[in-house]
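Topology and contacts: notes
What follows is the residue order along each chain.
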2 protein chains.
Amino acid sequence: MSMLQENDPYMKDMKQVETAALFRQIIRIMEELRQGVKKPYKEVIDVASGDPQKTGMKPLSFVRQILAACLYPQLINDNKLPVDVRQRAQRLLGECPGGSVGSYSATRGMPDIVHRVSEYISRRDGGAWSNPENIYISPGSQWSLANIFQILVNTEASTRTGILTPVPGYNTSILSIKELGAVPVPYYLDEEQGWELHMEELHRALASAKGVCNPVALYIINPGNPSGQVQSRQSIQEVIQFASEKRLFILADEVYQDTVYGEKSEFVSYKRVLAEMGPPFSDTVELASFHSASKGMLGECGLRCGYVELVNLDPAVMKYIYTQFSKDSCAPVLGQIALDVMANPPQPGDPSYPFYIEETQHIRTTLVHNVNRALTAFNSLPGLTCQPGEGGVFVFPRLDLPPRAIQKAKEAGLGPDTFYCVNLLEDAGVFARPGAEYGQKEGTHHIRICIMTPPDIMEELLRRVTSFHTQLMKDFS
Amino acid sequence: MSMLQENDPYMKDMKQVETAALFRQIIRIMEELRQGVKKPYKEVIDVASGDPQKTGMKPLSFVRQILAACLYPQLINDNKLPVDVRQRAQRLLGECPGGSVGSYSATRGMPDIVHRVSEYISRRDGGAWSNPENIYISPGSQWSLANIFQILVNTEASTRTGILTPVPGYNTSILSIKELGAVPVPYYLDEEQGWELHMEELHRALASAKGVCNPVALYIINPGNPSGQVQSRQSIQEVIQFASEKRLFILADEVYQDTVYGEKSEFVSYKRVLAEMGPPFSDTVELASFHSASKGMLGECGLRCGYVELVNLDPAVMKYIYTQFSKDSCAPVLGQIALDVMANPPQPGDPSYPFYIEETQHIRTTLVHNVNRALTAFNSLPGLTCQPGEGGVFVFPRLDLPPRAIQKAKEAGLGPDTFYCVNLLEDAGVFARPGAEYGQKEGTHHIRICIMTPPDIMEELLRRVTSFHTQLMKDFS
């Protein structure tokens, strides 16, 4: 076993079965609550996934009105819905085969929607060129990512395929890599520097793969999940130069691009920076950029839809992509329509514009409020430190538990963070996820919490965590 | 190369690239029509897939009303929708995490819906036991099937895994098997006997696998796709006995169970027959039965949802199933809700009941009308013979083309049926699929046509096919 494998930071101290156990635990608790079993809480606050509607965030009315009208076209003739909604629904239905959202679409997505997503990308990126032929709509960004991993990973080569992956990073992606028999090559984000990505760390990580695997790609999550950092334009430039020099395919998971809240931060896409860098980078560096209707302002996880844009891929590889993405019929048509609305929100002058702005502004304000409240609360507790995030929908506070608590966890056969989450759920009814799932530096422990919740839920959550944490520190001090 | 491999009936005379070419052809033609290029037709009739809404069949109002109300809950307070729709939507939203269809559900499906699907199966099967723990909701039956194939196929064994597959059979399933490196072991349905399944043919097929692969499963499509036959209870019993004796896992693709129209036919599920046979069959024969919201009365292909029920699987295998089905997050929540409505349609006394019955009756009448019209038309043409179907949504008429037409096809590098479909699409604007995609007996050629279309579309289709076919027979006689 190589150094790299010995030091695999993902799921350290945590068997995959423990993740399943946490899910079984919450199902049991919810069932007990339903049966009236007395607990210190009446409802579980589930902040375990980036699923804003689960904790009560409201969906955008414009999105829902259009979807409802497409599903039940009688609503198009009903003047209760704004006229721009009705016109938009009418146009979208005209683009569906047979005029119905109940028909299959082209496997890569409805051509008109693919086209408009391409225009949206171009607008977002200051006019950078985008080709609809390079865009694939799928049942979600993780689905796309897993399929592209599958194309990148050579299962027949004697040396295993390596993919550079962030620590901490999104666990589902890391699992996809491992399932294919490929090697995640961890690079560590610098927690003390707000989870910044350092170039020397990328170089170190790449060197660590020597003799272990053949690294072919660099997986980036920006804004970070769970870490919440947002890369600067300069940082992205440096990463692109590195990828170009080392011939690495860049997989840019940019699903949190619409939720950047740091005062000095802005989201800049890899595609844009690549285009602006010009040749040779702009026409050689291979890039896949992922986005989703599940995240950002929409948060429509239940619709299951996302897209990927592919840049500079060899036409021979694009053929494989086409086949791979055609296997599973099309993405849900209603999800595709949500994606279209994401790419083309109401414009000034449209009847739906004022309320759309009000709703999106409310989401932004909530996010900023919640993150500030969470930082203040967590950083005021002994044994908890939380880096200020700039984007995404998570905080990833660090736990420094007393040695007796760590010992107790060990006795229970659990890592300290899993031990913490199990008890937080049982005692306080807060469902958070242990850092071990996302990877963490040896000897450090974290929990991941989704902060895209209504403010009152966030207050209740902070109250419960504070009380639980204070008691735990007392019990084990 | 073994006899079995030499005689692979699937895609014979047809490279997979030709399927893609047909799809490119239709995209080109539709683009030309859009640009006003003059053709003998103004619109293409697309009967290439089992997608009723694509050709203008109307979705069921009850389904669409509930989905619209779940998406845009303001509609629940609007008395324009029937009260049972509003109550149902209210209850379903109460079952969604966070009360919204925009949240992720449990990966195997919303627990309440899984439960009701289980009850529905039990009712359908005359009270036969069904356990919600054995039911998995997924983005579609083909998705489920591909995932179960993946578990059945042992890629590491020195002998390849074999799966008995019908000829003709659904092409996507066959492709899934081939992609996994497994061997489809063809058994032929008897065209002259209305595509009946004969036991001696299953025995012959199994014997043909000797020395080639290790057959572990038997894939059945009932009602047949593309063949439209419906198995009798006795035939199913015999198949189950055979599977039991030969230790084969039965994969029962029963997605057309709600569209059985043969006067003397009725759909009986494998699960029901298995339960009624009693021990040792009922507690040993492994079975997976697939159903979908895309087919039957709903025809909601664009929603992407289906379920599979697993019977008698080893608990160790069920663990793999759980993992395999948890990889891709949940099925679209709106699709799950459609499945719930399929399992629980309006009942007598409910406000929506009369119109629901009217709509479903209309679909049934249309199907019977269309199949009769198609049989009469096709069987009156020289060189076309069509077996009377009993169920499903396809006819699969056989082509007996003049030798000069076959020669012409050969010169074009195409099989006779592909040649026919290419020209039918180009000259008559009818998009049908060549039999080669589904497998056919050596020397026979067919086309597959979806007959679930509005009657006027069916008439226009028959008019076009008749005219095209007559001209072709004349040109090449």
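Keep in mind the model is a prediction, meaning the values are calculated, not measured.

**Side note on the interface of chain A and chain B**
Each side of the interface is counted separately: chain A has 42 residues, and chain B has 42 residues. When the two sides are added together, the surface that chain A and chain B hide from each other amounts to roughly 3,400 Å², 55% of it contributed by carbon and sulfur. Between chain A and chain B we count two salt bridges in total. The residue lysine 80 of chain B makes a salt bridge to aspartate 78 of chain A at a minimum N-O spacing of 3.4 Å. At the boundary of chain A and chain B, one finds 24 residue pairs in polar contact (both at pLDDT 80 or more). Elements with a minimum of two residues in the side of chain A that touches chain B: helix H3 (61–71) and helix H12 (333–343) of chain A. Element by element, the count of residues in the side of chain A that touches chain B is highest for H3 of chain A, at six residues.

**Examining the environment of alanine 374 of chain B**
All names here are of chain B. If you trace the backbone, alanine 374 turns up in helix H13 (residues 353–379). Residue alanine 374 is classed as buried on the basis of its relative accessible area, which comes to 1%. Excluding residues within four positions of it along the chain, alanine 374 makes contact with Ile451 and Leu462.

**Points about the domain arrangement of chain A**
Residue and element names in this part refer to chain A. Partitioning chain A into structural domains gives domain 1 (3–57 + 357–476) and domain 2 (104–343). Each of domain 1 and domain 2 has a C-alpha centre, and these two points are 27 Å apart. On the side of domain 2, 44 residues touch domain 1, which itself brings 37 residues to the contact. Of the roughly 3,300 Å² buried between domain 1 and domain 2, counting both surfaces, carbon and sulfur atoms make up 57%. Across the contact surface, domain 1 and domain 2 share two salt bridges. With a shortest N-O distance of 3.3 Å, glutamate 192 and arginine 398 are connected by a salt bridge. Between domain 1 and domain 2 we count 19 residue pairs in polar contact (both at pLDDT 80 or more) in total. When residues of the side of domain 1 that touches domain 2 are traced back to their parent elements, those giving at least two are helix H1 (3–6), helix H13 (353–379), strand E10 (394–395) and strand E14 (445–450). Partitioned by chemical class, the residues of the side of domain 1 that touches domain 2 number 15 nonpolar, 13 polar and nine charged.

**Observations regarding the pairing of strand E7 (residues 287–292) of chain B**
Residues and elements named next belong to chain B. Counting buried residues in E7 gives six out of six residues, a clear majority hidden from the surface. Burial of E7 is two-sided: the residues Leu287, Ser289 and His291 facing one way and the residues Ala288, Phe290 and Ser292 facing the other way are all buried. As paired strands, strand E6 (residues 249–253) and E7 are joined by four bridges and run parallel to one another. By the bridge assignment, leucine 251 is partnered in E7 with alanine 288. In this fold, E6 hands off to helix H10 (residues 270–277), which returns the chain to E7; that crossover is right-handed. Pairing between E7 and strand E8 (residues 306–311): six bridges, direction antiparallel. Residue phenylalanine 290 lies in a different strand from E8, and its bridge partner there is valine 308.

**Description of the relation of the copies chain A and chain B**
Rotating chain A by 180° and moving it 0.0 Å along the rotation axis overlays it on chain B with an RMSD of 0.0 Å. Taken together, the rotation and translation relating the two chain copies correspond to the operation of a two-fold axis. Residues of chain A ranked by C-alpha distance from the rotation axis are headed by alanine 68 of chain A, positioned 2.2 Å from it. Here 100% of the contact residues of chain A are again contact residues in chain B; the copies associate through an equivalent surface.

**Remarks on the packing of aromatic side chains**
Summed over all chains, the structure comprises 20 aromatic pairs over all chains. With a centroid separation of 5.7 Å and 55° between ring planes, the pair formed by tryptophan 195 of chain A and phenylalanine 396 of chain A is classed as tilted. In this pair, tryptophan 195 of chain A is assigned in the loop between strand E4 (183–188) and helix H8 (199–208) and phenylalanine 396 of chain A in the loop between E10 and strand E11 (398–399), connecting sequence segments 201 residues apart. The burial state of tryptophan 195 of chain A is the same as that of phenylalanine 396 of chain A; both residues are buried. Relative to phenylalanine 468 of chain A, the ring of tyrosine 420 of chain A has its centre 5.1 Å away and its plane inclined at 85°; by these criteria the two rings are edge-to-face. Taken as a pair, tyrosine 420 of chain A in helix H15 (residues 416–428) and phenylalanine 468 of chain A in helix H16 (residues 455–476) lie far apart in primary sequence, 48 residues in all. Tyrosine 420 of chain A sits in the buried class, given a relative accessible area of 0%. Residue class for phenylalanine 468 of chain A comes out buried when judged on its relative accessible area of 8%. An aromatic cluster of at least three residues, connected via ring pairs, comprises Tyr136, Trp143 and Phe325 of chain A. For arginine 108 of chain A, the ring lying beneath its charged end belongs to tyrosine 136 of chain A, and the centroid distance is 4.1 Å. Directly above the aromatic system of phenylalanine 394 of chain B lies the positively charged group of arginine 448 of chain B, at a separation of 3.7 Å from the ring centroid.

What counts, and where the lines are drawn
- Residues numbered from 1 in each chain as written.
- Chains lettered and ligands numbered in written order.
- Predicted model: local features only at pLDDT ≥ 70, side-chain atom pairs only at ≥ 80, totals over all residues.
- Heavy atoms only, no water.
- Contact = heavy atoms within 4.5 Å.
- Buried area = accessible area lost by both parts, 1.4 Å probe.
- Salt bridge = Lys/Arg side-chain N within 4 Å of Asp/Glu carboxyl O.
- Polar contact = N/O pair within 3.5 Å; in protein donor to acceptor, adjacent residues only side chain to side chain.
- Helix = DSSP H or I, 4+ residues; strand = E, 2+ residues; numbered from the N terminus.
- Buried < 20%, exposed > 50% of the residue type's maximum accessible area, 1.4 Å probe, protein only.
- Domains from an automatic or database assignment.
- Nonpolar A, V, L, I, M, F, W, Y, C, P; charged D, E, K, R; others polar.
- Pairing = 2+ DSSP bridges.
- Right-handed = clockwise from strand over helix to strand, strands pointing away.
- Least-squares fit on C-alpha atoms with pLDDT ≥ 70 in both.
- Phe/Tyr/Trp six-rings, centres within 6.5 Å; stacked < 30°, edge-to-face > 60°.
- Lys NZ or Arg CZ within 6 Å of the ring centre and 35° of its normal.

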